[in-house]
Amino acid sequence: MSAVSDRLPAFPWDKLEPYKQTAAAHPDGIVDLSVGTPVDPVPEHIQKALIAAADSPGYPTVWGTPELRDALTRWVEHRLGAREVTHRHVLPVVGSKELVAWLPTQLGLGPGDQVAFPRLAYPTYEVGARLARAEHVAYDDPTELDPSRLKLLWLNSPSNPTGRVLAKEELTRIVAWAREHGVLVLSDECYIELGWEADPVSVLHPDVNGGSYDGIVAVHSLSKRSNLAGYRAAFLAGDPAVLGPLLQIRKHGGMMTPAPTQAAVVAALGDDEHVRVQRERYAARRTALRDALLAHGFRIEHSEASLYLWATRDESCWDTVAHLADRGILVAPGDFYGPAGDRFVRVALTATDERVRAAAARLTA
């Protein structure tokens, strides 16, 4: 019997290691703009909430505390414009990557079923399909797919890696098409708080879904908005007919968000000020890096939202990675996100102000 690992592609980040070593040899040190991991402090009030819940000797519940579910429903209505959201419409998860990787399996998908995701996409969408032994298909426009075996349609707006935002009209059209053909829509909206030149809209907004959550689920994360990547804090919101069975499956699997993390999420979702402060940090870093890349001869496409700049010098992405590594800057090659990205690199905004200034100086020297 083949090992489960045999179903998976090679782990892409291992290929970047030689370039990381080159960048690290720079006299002023590496500027790592490859992985989009937060570097700024966890806001103090969130840390305090975590600490106050540290004495949690009992098992947490998979569905979360009532206080957590209240916080999730309030935020979905306040921030996304959703209406009439109840506890049955929300489900906490142990970080969004875990959810993406195992969702096809938890939905009971398998051989003969199809999972679709954007042509340029977060690699874990494909990993999830492979783990379930389902087929995977990449799209430019999902409504051009054959829906006969399509069971799960991933949307991602704002996009990782490109930062592209799907307009409200486009989301509405896709949701209507998916419902017509009985296809479940999962909308990865983890970067929705980080719109720069566009205002991202959720599939949970009534203008998109017509006031019904049938057949749609949104994925949200606190990793980027609140610097909680280390807390593994995310949640689903949408169709109770989907979330109810998932809750039961996750109970059996023991997929429980730790109690201190649940308390931290309540504190994080109840405060908008720290999100505004973090947005301003990222906006300043984005401006500095964008200006420096353009001055260095790059072209930037999309990138109207999210934590990345999708940049090209119209050459192989690996040539660009090498070029920047020689200057002590590490970025992600675009082909990590699909063959269509083979002439782009993804430049993350997640570095300290000092490291961003160093990168900008090296690019404009």
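Refer to the preceding data block for the structure.
What comes next is a walk through the structure.

### A closer look at the pairing of strand β7 (residues 216-221)
Every regular strand shows the same layout, with side chains that alternate between the two sheet faces.
Working step 1: Most of β7 sits inside the fold, with six of its six residues counted as buried.
Working step 2: In β7, alternate side chains face the same way, and those of I216, A218 and H220 on one face and V217, V219 and S221 on the other are all buried.
Working step 3: Pairing of strand β6 (residues 184-188) with β7, which is carried by four bridges, proceeds in the parallel orientation. Looking at β7, one finds that V185 is bridged to I216.
Working step 4: Note: β7 against strand β8 (residues 234-238), five bridges, orientation antiparallel. Bridge pairing in β8 places A218 opposite A237.

### Let's talk about helix α11 (residues 317-325)
Working step 1: Across the nine residues of α11, seven count as buried, placing the element largely inside the fold.
Working step 2: The set of residues buried in α11 consists of C317, W318, T320, V321, H323, L324 and A325.

### Let's talk about the environment of Q262
Working step 1: Mapped onto the secondary structure, Q262 falls in helix α9 (residues 259-269).
Working step 2: We classify Q262 as buried; its relative accessible area is 3%.
Working step 3: For the pair Q262 and L50, spaced 212 residues apart in the sequence, the C-alpha separation amounts to 8.2 Å.
Working step 4: Residues in contact with Q262, not counting those within four places in the same chain, are P60, T61, G64, T65, L68 and T257.
Working step 5: A distance of 2.9 Å separates the side chain of Q262 from the backbone nitrogen of T65, its partner in a polar contact.

### Overview of the sheet that holds strand β13 (residues 345-348)
Working step 1: Taken in spatial order, the four strands line up as β9-β10-β13-β12 in an open sheet, and their pairing is antiparallel. Either end of the sheet is taken by a strand with one partner, and the two such strands are β9 (299-301) and β12 (332-333).
Working step 2: Examined bridge by bridge, β12 and β13 share two bridges and lie antiparallel to one another. Bridging across to β13, P333 finds its partner in V345.
Working step 3: Contacting β9, β10 (308-312) and β13, helix α10 (residues 273-295) runs over the sheet at an angle of about 5 degrees to β10.

The rules we used
- Residues numbered from 1 in each chain as written.
- Predicted model: local features only at pLDDT ≥ 70, side-chain atom pairs only at ≥ 80, totals over all residues.
- Heavy atoms only, no water.
- Buried < 20%, exposed > 50% of the residue type's maximum accessible area, 1.4 Å probe, protein only.
- Helix = DSSP H or I, 4+ residues; strand = E, 2+ residues; numbered from the N terminus.
- Pairing = 2+ DSSP bridges.
- Contact = heavy atoms within 4.5 Å.
- Polar contact = N/O pair within 3.5 Å; in protein donor to acceptor, adjacent residues only side chain to side chain.
- Axes fitted to C-alpha atoms, helices over the stretch in contact; angles between N-to-C directions.

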